[in-house]
Amino acid sequence: MNKILVAKIGKTVALRGYLRLHILSDFPYIFKKNSAFMSSDDRTLKIKNFDKEKSLVLFEGYEDVNLAKDLTNLELYQSLEDTKKYCKLNKDEFFYFDIISCEIFEDSLKLGKVIDILQTSASYLFLVQVDKSLGQDFATQFYLPYADFYIESVDIKSKKIYAKNALELLKSI
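Asker: How would you sum up the overall build of the protein? Please name residues and give values.
Answerer: Summing up its helical and strand segments, the protein has four helices and 12 strands in all. For a compact globule of 173 residues, the expected C-alpha radius of gyration is about 16 Å, and the protein comes in at 20 Å, more than 25% above that figure. By its C-alpha atoms, the protein is 60 × 30 × 30 Å across when sized along the principal axes. When the 173 residues of the protein are sorted by exposure, 38% land in the buried category. Within the protein, contacts between residues separated by at least 24 positions form 49% of all contacts whose residues are at least 6 apart in sequence. Of the side-chain charges in the protein, 25 are positive and 25 negative, and the distance between the mean point of each set is 6 Å.

Shown next as structure tokens:
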């Protein structure tokens, strides 16, 4: 099963089994009572209570500090299917896992493939592995901003991103 890392469990807090939760997801609302997640040691953990202001979580069956300590430093995962089901996107938003490995085209020229995404304070940058067919005159990687000036359209089903002005950006490197 494909899964997405959504949080890391920190240390215990108080005696009732609460743990600090370090959320890594862009969708913090998925952490609520009765939500279940897979742990890095293959357990299914169901949330009994979540305090979003303090980022404290209590899991069913771990309502004691001594039991909860066993969960410290575990990672929490959600399946790709559950992520798509429960995490709602706005227009022109995509999941990282859908963008990674998309091929970048400008007109009919294949520029490369997205291998990573960097989030800046203002936007996102796609790290593109340059296609070898372009030859050795270009850098092996470049960042392509996710902005209207550079991105014409994204077709997740065909795993293709159609760009404009990207070749000029690549030539300037």
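And the narrative resumes.
Asker: I'd like a rundown of the nonpolar core, residues and numbers included.
Answerer: One finds Ile9, Leu21, Phe31, Phe59, Leu71 and Leu76 to be the most contacted residues of the largest nonpolar core, which totals 21 residues. Contact partners of Phe59, with chain neighbours within four places excluded, come to Ile9, Leu19, Leu45, Lys46, Ile47, Lys48, Leu71 and Leu76. Grouped together as the second largest cluster of nonpolar side chains are 20 residues, Cys102, Leu144, Tyr150 and Leu170 included.

Asker: Describe the pattern of salt bridges, naming the residues involved and giving the relevant values.
Answerer: Overall, the coordinates contain nine salt bridges when judged by the stated rule. The residue Lys8 makes a salt bridge to Glu75 at a minimum N-O spacing of 4.0 Å. Of this pair, Lys8 sits in strand S1 (residues 3-13) while Glu75 sits in strand S6 (residues 75-79), and the two are 67 residues apart along the sequence. The exposure class of Lys8 is partly exposed, given its relative accessible area of 38%. On the basis of relative accessible area, Glu75 is assigned to the partly exposed category, the value being 22%. The partner of Lys110 in a salt bridge is Glu103, with the nearest N and O atoms 2.8 Å apart.

Asker: Break down the packing of aromatic side chains for me, with residues and values.
Answerer: Across all of its chains, the model carries 10 aromatic pairs by this definition. On the basis of an interplanar angle of 55° and a centroid distance of 6.0 Å, the ring pair of Phe27 and Phe95 is categorised as tilted. One end of the pair, Phe27, is in the loop between strand S2 (18-23) and strand S3 (36-39); the other, Phe95, is in the loop between helix H2 (80-86) and helix H3 (96-99), with 68 residues separating them in the sequence. Residue Phe27 is classed as buried on the basis of its relative accessible area, which comes to 14%. Classification of Phe95 as buried rests on a relative accessible area of 9%. Ring geometry for Phe31 and Phe50: centres 6.1 Å apart, planes at 40°, overall tilted. Of the two residues, Phe31 is situated in the loop between S2 and S3 and Phe50 in strand S4 (residues 44-51); the sequence distance between them amounts to 19 residues. Judged by its relative accessible area of 3%, Phe31 is buried.

Rules used throughout
- Residues numbered from 1 in each chain as written.
- Predicted model: local features only at pLDDT ≥ 70, side-chain atom pairs only at ≥ 80, totals over all residues.
- Heavy atoms only, no water.
- Helix = DSSP H or I, 4+ residues; strand = E, 2+ residues; numbered from the N terminus.
- Rg over C-alpha atoms; globule rule 2.2 N^0.38 Å.
- Buried < 20%, exposed > 50% of the residue type's maximum accessible area, 1.4 Å probe, protein only.
- Contact = heavy atoms within 4.5 Å.
- Lys, Arg positive; Asp, Glu negative; His and termini not counted.
- Charge placed at Lys NZ, Arg CZ, Asp CG, Glu CD.
- Core = buried A, V, L, I, M, F, W, Y, C linked by side-chain atoms within 4.5 Å.
- Salt bridge = Lys/Arg side-chain N within 4 Å of Asp/Glu carboxyl O.
- Phe/Tyr/Trp six-rings, centres within 6.5 Å; stacked < 30°, edge-to-face > 60°.

Function cannot be read off these values alone, since they describe shape.
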